[in-house]
Amino acid sequence: MIRVMIVDDHPMWREGVARDLGGRGYDVCATAADVASAVKIALATRPDVVVMDLQLGAGSGVDATREITTALPDTRVLVLSASAEQDDVLAAVKNGASGYLVKSASLDEFDDAVRRTAEGDAVFSAGLAGLLLGEYRRLDATTGPEVPHLTDRETEVLRLVARGLTAKQIATRLVLSHRTVENHVQNTLRKLQLHNRAELVRYAIENGLDE
């Protein structure tokens, strides 16, 4: 059972999300309303996934995300926010978020996002991957797309992972087997000394990978 923690400063929303996830078979092991308690409780409970709002009263979910993922590398953060602004998406990803979902998402989309986040995928609401690609292009113009030590195929797979595609979707697009795609992902993680797909997304942004 996937253990989930909910961080949101609105009690009714927080309780509603916890109830919805509990009804879908998740173990909602904790909730929190602000940055300090979110970090403290996460360290105590060590959830698999933290569902994180960005606006936490006087604090920021970005700060909580950074502190939690730094202290707990195996815990993944899925941002659930009303904002779809590019700056918010980029700030969340650069500070450790594995994915970003807007609050207008359906319960089925939310369920899928939490499960995929727990599995290590980078998950984004429709359209947000395009925001990331826009940032890749901007960075590409100033830093260049050089990715050290990767083959062309590994770089191609990395770009698709960074766009939020699953291994199955990448396999279909590139006409490869699922196992071959997973091998490319694992080889890329090893070569870049990274730990999961979320870190691959951050690497792509920082190095200006284009589509």
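Quick summary incoming for the structure in this document. Quick caveat: nothing in here was measured; it's all calculated off a predicted structure. Here the residue index of a chain counts from 1 through its sequence in written order. Two thresholds apply to this predicted model, a pLDDT of at least 70 for residue-level local features and 80 or more for giving and counting side-chain atom pairs, whereas whole-chain, interface and lining totals are computed over all residues. With hydrogens and water excluded, all non-hydrogen atoms of the structure serve as input to the side-chain values.

### Points about the overall build of the chain
Consideration 1: Scanning the chain from terminus to terminus reveals 10 helices and eight strands.
Consideration 2: Counted over contacts in the chain with a minimum sequence separation of 6, partners at least 24 positions apart contribute 69%.
Consideration 3: For every accessible area listed, the method is Shrake-Rupley and the probe measures 1.4 Å; residues are considered covered only by the protein chains on display. Carbon and sulfur atoms make up 49% of the accessible area of the chain, which amounts to about 9,900 Å² in all. Helix and strand definitions here come from DSSP, where helices need a minimum of 4 consecutive H or I residues and strands a minimum of 2 consecutive E residues; each element is numbered from the N-terminal end. Should any heavy atoms of two residues lie within 4.5 Å, those residues are considered in contact.

### Here's the deal with the side chain of T65
Consideration 1: If you trace the backbone, T65 turns up in helix α3 (residues 61-71).
Consideration 2: On the accessibility criterion, T65 (1% relative accessible area) is buried.
Consideration 3: Not counting chain neighbours up to four residues away, the residues in contact with T65 comprise M52, V77, A92, N95, G96 and A97. Here the term buried applies to any residue with accessible area under 20% of the maximum for its type, exposed to any over 50%, and partly exposed to those in between, with areas from a 1.4 Å probe on protein chains only.

### Some thoughts on helix α5 (residues 107-119)
Note: α-helices contain 3.6 residues per turn, so residues at a spacing of three or four share the same orientation.
Consideration 1: In a helix, the anticipated span is given by 1.5 Å times the number of residues less one. Here α5 spans 18 Å end to end across 13 residues, near enough to the 18 Å set by a 1.5 Å rise per residue.
Consideration 2: All of the buried residues in α5 are F110, D111, A113, V114, R116, T117 and A118.
Consideration 3: Where α5 is buried, its residues contact β1 (3-7), α1 (11-23), β3 (49-52), β6 (76-81), β7 (99-102) and β8 (123-124).
Consideration 4: Two residues or fewer after α5 comes G120, characterised by a positive phi angle close to 100 degrees.

### Describing the packing of helix α7 (residues 152-162) against helix α9 (residues 178-192)
Consideration 1: Interaxial distance between α7 and α9 falls to 9 Å at its minimum, and their mutual angle equals 95 degrees. With respect to α9, the element α7 is oriented roughly perpendicular. Seen from α7, the contacting residues are R153, E154, V157 and V161; seen from α9, they are V181, H184, V185, N187, T188 and K191.
Consideration 2: Split by residue class, the contact of α7 with α9 holds four nonpolar, three polar and three charged. Between N-to-C directions, angles span 0 to 180 degrees; the directions come from axes that are lines fitted to C-alpha atoms, helices contributing only their stretch in contact. Comment on the angle field: the value is read as roughly parallel under 35 degrees, roughly antiparallel over 145, roughly perpendicular from 65 to 115, and oblique elsewhere. The nonpolar class holds Ala, Val, Leu, Ile, Met, Phe, Trp, Tyr, Cys and Pro. Asp, Glu, Lys and Arg form the charged class, and all remaining residues, Gly among them, are polar.

### Regarding the pairing of β1
On any regular strand, side chains alternate: one points to one face of the sheet, the next to the other face.
Consideration 1: In terms of burial, β1 is largely enclosed, as four of its five residues are buried.
Consideration 2: Each pair of strands is called paired provided DSSP finds at least two bridges between the two strands. With five bridges connecting them, β1 and strand β2 (residues 27-32) associate as parallel partners. In the strand pairing of β2, R3 is matched with D27.
Consideration 3: Here, the term right-handed applies to a crossover whose path from the first strand over the helix to the second runs clockwise when the strands point away from the viewer. Between β1 and its parallel partner β2, the chain crosses via α1, and the hand of that crossover is right-handed.

### A word on the sheet that holds β7
Consideration 1: Taking strand neighbours across the sheet as the criterion, the six strands line up as β2-β1-β3-β6-β7-β8 in an open arrangement whose pairing is parallel. In this open sheet, the two edge strands, each paired with only one partner strand, are β2 and β8.
Consideration 2: Here β1 pairs with β3 via four bridges, running parallel. From the neighbouring strand, M5 faces β3, where its bridge partner is V50.

### Considering the environment of K40
Consideration 1: Of note, K40 is situated in helix α2 (residues 35-45).
Consideration 2: On the basis of relative accessibility, which here comes to 65%, the residue K40 falls in the exposed class.
Consideration 3: Considering only alpha carbons, one finds K40 and E67, 27 residues apart in sequence, at a separation of 9.9 Å.

### Things to note about helix α8 (residues 167-174)
Consideration 1: Looking only at α8, the buried set comprises A167, I170, A171 and L174. Across the axial projection of α8, the buried residues extend over an arc of 100 degrees, all falling on one side. Across from the buried face of α8, at angles greater than 90 degrees, the exposed residues are K168 and T172.
Consideration 2: Packing partners of the buried residues in α8 comprise α7, α9 and α10 (197-206).
Consideration 3: Just past α8, the residue V175 takes up positive phi, approximately 55 degrees. By definition, the arc is the one covered by directions from the helix axis to the C-beta atoms.

### Structural notes on the nonpolar core
Consideration 1: Throughout, nonpolar core names a set of buried Ala, Val, Leu, Ile, Met, Phe, Trp, Tyr and Cys residues whose side chains join them through atoms within 4.5 Å. Core analysis: the largest hydrophobic core is formed by 17 residues, its most contacted members being V157, I170, V181, V185 and L200.
Consideration 2: For this core, the secondary-structure elements that each account for two or more residues are α7, α8, α9 and α10.
Consideration 3: Discounting residues that sit within four places of it in the chain, V157 has contacts with I170, L174, V181, H184 and V185.
Consideration 4: Counting 16 residues, the second-largest nonpolar core is a separate cluster that includes I6, V17, V51 and V123.

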